[in-house]
Each structure stands twice: as C-alpha cells, then as structure tokens.
Amino acid sequence: MLHFDNPAIRIENLTKTFDDHTVLNGLNFDIPRGKITTILGFSGAGKSTLLKHILGLMQPTSGSIHVLDKDLSELNNVEQREFRRNFGMLFQYAALFDSLSALENVAFPLKEFTTLKEEEINVKCHALLESVGIQPISHDKLPSELSGGMRKRVGLARALALEPQIMLYDEPTTGLDPITTHMVNDLIVSTSDRNKDRQMTSVIISHDVKATLRISDFVAFLDRGNIVEYLAAEDFPHSSNELVQDFVNL
Ligand SMILES: Nc1ncnc2c1ncn2[C@@H]1O[C@H](COP(=O)(O)OP(=O)(O)OP(=O)(O)O)[C@@H](O)[C@H]1O
Ligand SMILES: [Mg+2]
C-alpha cells in the first residue's frame, strides 16, 4: 500500500454509514500531488460516495479528509463552497449548458467567479478551447451541434477555466465509442502534462482497466468500502489480491 509525503488528498479512517449500511469502512488513502491516480472498483463499492466526501458534498460518519492541507470538517458552508473552486470536475455526460455556445460554456465560470474583463475572458476561452483541440470554427456552436467527443473537450476546457488544483473525472469514458474513448484518455494525460508545473492533481474513477493502466501513475482498488490495493500502475496487474486479479482479467 502506498503513502505519500505532502499529498494533495489525505483520507484517514473514513467511515460512512447510511442507517445500518456501512459503505466506507475505515478507509485510509493518500492521493499524491501532480500525478494521475485512478480508483477502480466493482459497482456499489463506494467510489461515488468517496468522491462526494472528497468534494465535501457528504459528511463522514467518522474519520477525516484533508484536501490541500485543509481539514474539510473545519470549513463552514460558505468556506466549503469557496474551497470547491480548487476542484475541476468532468462528468460522465459533459453536462454543458444546452443554450450556451461552446465558448459561452467555457466563459461561464470566469464570468461567475472572476473579475476578468470581457476581452480577457475571450482571450482565455480561446486558449482553453485550443488547448483541448476545439477549432475556432466550432466556438459558437451549441452543444447539440457538437459530437460527443467535442462536448467532452468543451466540458474539460470549462472545468479547467479556473485553474483547479485537482481535476476529478467521474467515469470519463463510459458510454463513448472506442475512438472517442481513446481521445478522452489522451486528453486527460495531455491536460495533466500541461499543468504539471503547477502540480495539478488528477483523480479518475473508472471501470476501464486497460485504459487505466495506460494513462495512470497510480491505481487504487476499492472493495466494500476499503482500499484493498494501491500500487504504481505498472505493478497493478501483478497484484496478489484475488479480487484485483478477477477485475484485471474480466
Ligand atoms: N445517499 C445514500 N443513501 C443511502 N445509501 C447510499 C447513498 N449513497 C450511496 N449509497 C449506497 O452506497 C453504496 C455504494 O454506492 P456508490 O454510488 O458509492 O457506489 P459506486 O462504487 O460509485 O458504484 P457504481 O460503479 O455503480 O457507480 C451502494 O450500496 C449505495 O446504495
Ligand atoms: Mg458511482
């Protein structure tokens, strides 16, 4: 099991119980800065529940979560909301605003949360869209006029607009065709590389073992509310854990 000095996220003895159902069971987990870490696990293992705790959207029954050295339990509601700006999030279905163009979608968080002038926002949005491979000809298109892969790119540009310290990807490729899947995975890596100098951390939740091993630095396996394996990606296929072997060989 891996431990890191000065991690982006440190989770200690995290337990979450709904009524009498324990979903997270004394979980310990460090996520290192500046790397790509993927959480794998069977359906119902508790992955989304874990993610909601990291985002401060759910309160632990017991245990603690530190994100960027902050103890989440010490933040009040207003501070929580402010703190969430450290996170960028790419959802399974890019979740763009249907009535806003690609560029307006990316501009939205900048208008909402910064004091940048319109021209500065425009320049920044162009750079963001270019960085994810969206050509100017598509900037004014509505989400319904874009392909699934392009919507993902726009969603990623929007998530990156406020320069988050931590990018969270929740099943970023589920439901995509193989070529788009490959593209999104490459985009996650190039985005991580481009933001390495500022130590941006990437956390992915995935079912896709093959892609996970290709693009991640570290891989954790969550089973019934515990991290039961946590290794560098190249070591993961050689895990002696039987469940991990079952999952890898599915
Ligand atoms: N708000 C809630 N109230 C009660 N039970 C919940 C709640 N949220 C999650 N659970 C339970 O916690 C367990 C884990 O759910 P979770 O969504 O975290 O799994 P998951 O690993 O994300 O699964 P999947 O791969 O299917 O998305 C499930 O049994 C679920 O029913
Ligand atoms: Mg889930």
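The coordinates are above.
Here's what I pulled together on the structure shown here. Being a predicted model, the structure only gives us computed values, none of them experimental.

**Let's talk about the overall build of the protein**
Point 1. For the protein, the count of helices and strands is eight helices and 10 strands.
Point 2. Whereas a compact globule of 250 residues would reach a radius of gyration of roughly 18 Å, the protein reaches 18 Å, a difference of no more than 12%.
Point 3. Oriented by its inertia axes, the alpha-carbon framework of the protein measures out at about 50 × 45 × 35 Å.
Point 4. Within the span of the protein, comprising 250 residues, buried residues form 36% of the whole.
Point 5. Contacts in the protein between residues at least 24 apart in sequence constitute 68% of all its contacts with a sequence separation of at least 6.

**Describing the site of ligand 1**
Point 1. Residues in close proximity to ligand 1 include Phe-18, Val-23, Gly-41, Ser-43, Gly-44, Ala-45, Gly-46, Lys-47, Ser-48 and Thr-49, which together make up its full environment.
Point 2. It is helix 1 (residues 47-54) that provides the largest number of residues to the shell around ligand 1, a total of three residues.
Point 3. Of the residues in the shell around ligand 1, the class split is three nonpolar, six polar and one charged.

**Some remarks on the nonpolar core**
Point 1. Core analysis: the largest hydrophobic core is formed by 58 residues, its most contacted members being Val-106, Leu-128, Leu-129, Ala-157 and Ala-220.
Point 2. A per-element tally of this core places helix 5 (residues 148-160) first, with six residues.
Point 3. Sequence-distant contacts of Ala-157, that is, excluding residues within four places in its chain, are made with Val-106, Leu-128, Leu-129, Val-132 and Ile-134.

**Some points on the sheet that holds strand 8 (residues 201-206)**
Within a sheet, each strand pairs with its neighbour through backbone hydrogen bonds, oriented either parallel or antiparallel.
Point 1. Ordered by their spatial adjacency, six strands build an open sheet running 6-7-8-3-9-10, and the pairing between neighbours is mixed. The open sheet terminates on both sides in strands that have one partner only, identified here as strand 6 (87-90) and strand 10 (226-232). If you compare each strand with its neighbour and ignore which way they point, the axes differ by 20 degrees on average.
Point 2. Of the strands in this sheet, strand 3 (36-40), strand 7 (166-170) and strand 8 touch helix 6 (residues 178-194), which is tilted by about 165 degrees from strand 8.

**What about helix 1?**
Point 1. Those residues of helix 1 not exposed but buried are Lys-47, Leu-50, His-53 and Ile-54. One side of helix 1 carries all its buried residues, which in axial view fall inside an arc of 120 degrees.
Point 2. As for helix 1, its buried residues are in contact with strand 1 (9-18), strand 2 (21-31), strand 3, strand 4 (62-67), strand 8 and strand 9 (218-223).
Point 3. Immediately beyond the C-terminal end of helix 1, within one or two residues, lies Gly-56, with a positive phi of roughly 75 degrees.

**Here we look at the sheet that holds strand 2**
Point 1. The four strands lie next to each other as 2-1-4-5, forming an open sheet whose pairing is antiparallel. What marks the edges here is a single partner per strand, and that holds for strand 2 and strand 5 (70-71).
Point 2. In the sheet, strand 4 pairs with strand 5 via two bridges, with the strands oriented antiparallel. Counterpart to Val-67 in the pairing with strand 5 is Lys-70.
Point 3. Lying on the sheet, helix 1 is in contact with strand 1, strand 2 and strand 4; it crosses strand 1 at an angle near 120 degrees.

What counts, and where the lines are drawn
- Residues numbered from 1 in each chain as written.
- Chains lettered and ligands numbered in written order.
- Predicted model: local features only at pLDDT ≥ 70, side-chain atom pairs only at ≥ 80, totals over all residues.
- Helix = DSSP H or I, 4+ residues; strand = E, 2+ residues; numbered from the N terminus.
- Rg over C-alpha atoms; globule rule 2.2 N^0.38 Å.
- Buried ≥ 20, exposed ≤ 12 C-beta atoms within 10 Å, placed from the backbone.
- Contact = placed C-beta atoms within 7 Å.
- Near = placed C-beta within 6 Å.
- Nonpolar A, V, L, I, M, F, W, Y, C, P; charged D, E, K, R; others polar.
- Core = buried A, V, L, I, M, F, W, Y, C linked by C-beta atoms within 7 Å.
- Pairing = 2+ DSSP bridges.
- Axes fitted to C-alpha atoms, helices over the stretch in contact; angles between N-to-C directions.
- Arc of directions from axis to C-beta.

That's the geometry; what it means functionally is another story.
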